[in-house]
Each structure stands twice: as C-alpha cells, then as structure tokens.
Amino acid sequence: MQSKCSHLENPVCRNECEVGGADGGRRIMNLCPLCGSEAVRELNLSHTVIWKCRANNCGLEFASPQLEDHELAHVYSTLYYPATADSRPVKRREATPDSVLRQVLSQLEASLGTLKGLRLLDYGCGRGPLSRIAFDFGLAPVGIEPDPVARSIAAGRVGMPVYSSLAELCSKRPPAKFELIILWNVIEHLRRPWLELQEIRRFLRPTGRLLLCTMNTSCLRARIERGRWMSYEDPTHFYYFNRRSLERVLGSGGFQRVHEWKPKIHYPHHGTFRHCFYDVSTVFGVSDGLYYLCSTAAEDA
Ligand SMILES: [Zn+2]
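Residues numbered from 1 in each chain as written. Predicted model: local features only at pLDDT ≥ 70, side-chain atom pairs only at ≥ 80, totals over all residues.

## Topic: the overall build of the protein chain
Thought 1: For the protein chain, the count of helices and strands is 10 helices and 13 strands.
Thought 2: Within the protein chain, the proportion of its 301 residues that are buried is 34%.
Thought 3: Across the protein chain, the fraction of contacts at a sequence separation of at least 24, relative to all contacts at a separation of at least 6, is 58%. (Helix = DSSP H or I, 4+ residues; strand = E, 2+ residues; numbered from the N terminus. Buried ≥ 20, exposed ≤ 12 C-beta atoms within 10 Å, placed from the backbone. Contact = placed C-beta atoms within 7 Å.)

Here it is in structure tokens:
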C-alpha cells in the first residue's frame, strides 16, 4: 500500500491519511490508535467522525478527532456536572438507578464472596452514586474524579476521599492498594484507555478484581439507532466497544484474566415487555451493556 503519510508509523496517530486504494483511487482513512491497523469511517456525527478498525482481532471503534481539553471541560460542566445548586445534569447522564447498582454489588458479592471490609477504588466516580451504595455493603471506597464540581459533591455527600487523578492519590496515599477497582461506564471517556488501565493496574492487589462496564456496540439499539444511539451521541465518549475490542483493550492494559460477567439486572422502569426483551437480548449477547471481571494474575489465587 502506498502512503503519503508518515503518521502510519505511529499507532496513536489521530490524523486522517490519504492512501492509494487497490483501484488506484484515494480514500480517507485513519489508523486504529490501539493496534495501528487501517480504520474506516463508520459514522459522521456533528461533533466528530466515528472510525472502525478493520483488523479482525481488534475492531475498535473510536472518535477522531477527540474534543480538546477545554471543549471537554465545557461539555462536562454543561451536560454532566453543572455548577448549580443541585448540580443536576442537563440531559440524561449518569442515569444508572440506585437499584441497579445495588443489584450489581449484590451479585458481585454472590460471585466473589463478602465485600465487607474491601477497599474499593471507584475510578471516575462522578458524584459518587456507586460509592454511596458501596458503603452499605461494607466497602471502603476511594474515588478518582477529574471534574471539580463532581469531586466536591462526591466527597461531601458520600464522605469518602476523592482525588483528581491517580497521581494525586499516589502522592497522598503512597501505599494505597485496592481489592476491588470499578470503572462504571468510564472506559469510553478515557483518551487512551489501554494506557490508563496500565496505570490503574498498579493500584490493584495481586488477588484483586477489576469490574468494568460499558455500552455494547453490538447491541440492538446501536444497530437500529446508529448515529442517534446515546453512546455515539455523547461528545465525551471517545471509544465504543464490543466484546472483541474491549477484551483487546483490557489485555493491552495488562489484565491477563478477562471474563465476561452477566449479572441479571432488573431495571425498575422497564415494563413486562422490555424486561422480557432485555432477558432475550442478554441470552443472545446483544444487550446494551458489557460487564467484565478481570484480574492481573495468570491464575485465580
Ligand atoms: Zn485496531
């Protein structure tokens, strides 16, 4: 393949490149920031273009360009964490109901054993809804949240330590290690999730677990709604995952044991039809959410 773009050497290149196709014509492509393979345009959105890696063993979907830091801060402060008296999000954000978080932790406890006394790192904790419920299970949460408004609310309402970054956590609590780390609908917001996972991994105890959930690009809603799907629409999302790409990212982050986890969740606002639809979707692997339990150990301790 002929190329006029030196960025092809760089697997984290964000620039579009013009390449000569098999027919000698030119088409716009991009490079997968995870594996460096060719990516093709999947969707044109108002705030970005979504690309999909063509490598069979990757298939990562990503936004390029990503919003700049100042644009991102503006979107978070207007859509997610407005500095108003109640700081209620403008749109439907952070919408996981408490009852769902409770079901997840309860089923996690059934799977792993008691959670009581375990140290939890709630990475990207937002206003702290997950940690608030984690307290009820006897967990001792610590939050990481870059947004100052959300961080202040989480610290005040939940009464836990919340840091702006892992670097700040490290500077204040050098020996901190956690038995459980949770990224609840967070990985899609990270600029380079495989690099951040490598950092996060350093804070996990050898026998600890990472629980991660994100939206599934193979779900029926994504296939039907396309550019109107809420995960694609959200300008703070930089990546969109299916099982294959998520497992690859987790492996690149250094997690050697990566297992899909399928909690049975009952959404309180679902009627009978949607409840049945959700159950069937889960059976066929096309439900909205992906949940993974991961560890760094090659074998379970
Ligand atoms: Zn790729």
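Past the structure itself, the notes keep going.
## Notes on the nonpolar core
Thought 1: Counting residues in each nonpolar core, the largest one holds 65 residues, and the members touching the most others are Leu-120, Leu-121, Tyr-123, Ile-181, Ile-182 and Leu-212.
Thought 2: In this structure, Leu-120 is in contact with Ala-134, Leu-139, Ala-140, Pro-141, Phe-178, Leu-180 and Ile-182, ignoring residues within four places of it in sequence. (Core = buried A, V, L, I, M, F, W, Y, C linked by C-beta atoms within 7 Å.)

## Notes on the sheet that holds strand β6 (residues 119–123)
Thought 1: Spatial strand order, β8-β7-β6-β9-β10-β13-β12: seven strands in an open sheet with mixed pairing. Both edges of this open sheet fall to β8 (162–163) and β12 (257–260), since each of them pairs with a single strand only.
Thought 2: Where β6 lies against strand β7 (residues 140–144), five bridges are found, and the strand directions are parallel. Opposite Tyr-123, over in β7, you have Ile-144 as the bridge partner. (Pairing = 2+ DSSP bridges.)

## Side note on the pairing of strand β4 (residues 49–53)
Thought 1: Counting buried residues along β4, four of its five residues qualify, which places the element largely inside the surrounding structure.
Thought 2: Direction of pairing for strand β3 (residues 38–44) relative to β4: antiparallel, over a ladder of five bridges. Following the sheet pairing, Arg-41 is matched in β4 by Trp-51.
Thought 3: A loop of four residues connects β3 with β4, the two strands running antiparallel in sequence.
Thought 4: With three bridges connecting them, β4 and strand β5 (residues 61–63) associate as antiparallel partners. In the strand pairing of β5, Lys-52 is matched with Glu-61.

## What to know about helix α2 (residues 98–112)
Thought 1: Spanning 15 residues, α2 covers 21 Å between terminal C-alpha atoms, matching the ideal 21 Å at 1.5 Å per step.
Thought 2: Residues of α2 that are buried make contact with α3 (129–136) and β10 (204–215). (Expected span 1.5 Å × (residues − 1).)

## Points about the environment of Gly-254
Thought 1: Tracing the backbone shows Gly-254 in the loop between α9 (243–252) and β12.
Thought 2: Residue class for Gly-254 comes out partly exposed when judged on the 16 C-beta atoms lying within 10 Å of it.
Thought 3: Sequence-wise, Gly-254 and Ala-297 are 43 residues apart; in three dimensions their C-alpha atoms are separated by 9.6 Å.
Thought 4: Discounting residues that sit within four places of it in the chain, Gly-254 has contacts with Leu-197, Gln-198, Arg-201 and Thr-296.

## So, the confidence of the model for the protein chain
Thought 1: Across the protein chain, pLDDT averages 84, with 78% of residues at or above 70.
Thought 2: The lowest-confidence element of the protein chain is strand β1 (residues 17–20), averaging 44 in pLDDT; the highest-confidence one is β6, averaging 98.
Thought 3: Across residues 1–15, where pLDDT falls below 50, the model places 23 contacts with residues more than four positions away in sequence or in other chains.
Thought 4: pLDDT under 50 marks residues 17–27. Its contacts with residues more than four places away, or in other chains, come to 18 contacts. (pLDDT = per-residue confidence, 0-100.)

## A word on helix α6 (residues 193–201)
Thought 1: Among all positions in α6, only Pro-193, Leu-197 and Ile-200 are buried. In a view along the axis of α6, the buried residues occupy a sector of 60 degrees, so they form one face of it.
Thought 2: Against β6, β9 (178–184), β11 (239–240) and α9 lie the buried residues of α6. (Arc of directions from axis to C-beta.)

## Some words on unusual backbone geometry
Thought 1: In this model, Ser-64 is joined to Pro-65 through a cis peptide bond whose omega is 10 degrees.
Thought 2: Note on placement: Pro-65 falls in the loop between β5 and α1 (69–80).
Thought 3: Positive phi outside glycine occurs at Asn-185, with the angle close to 50 degrees.
Thought 4: Mapped onto the fold, Asn-185 is located in the loop between β9 and α6.

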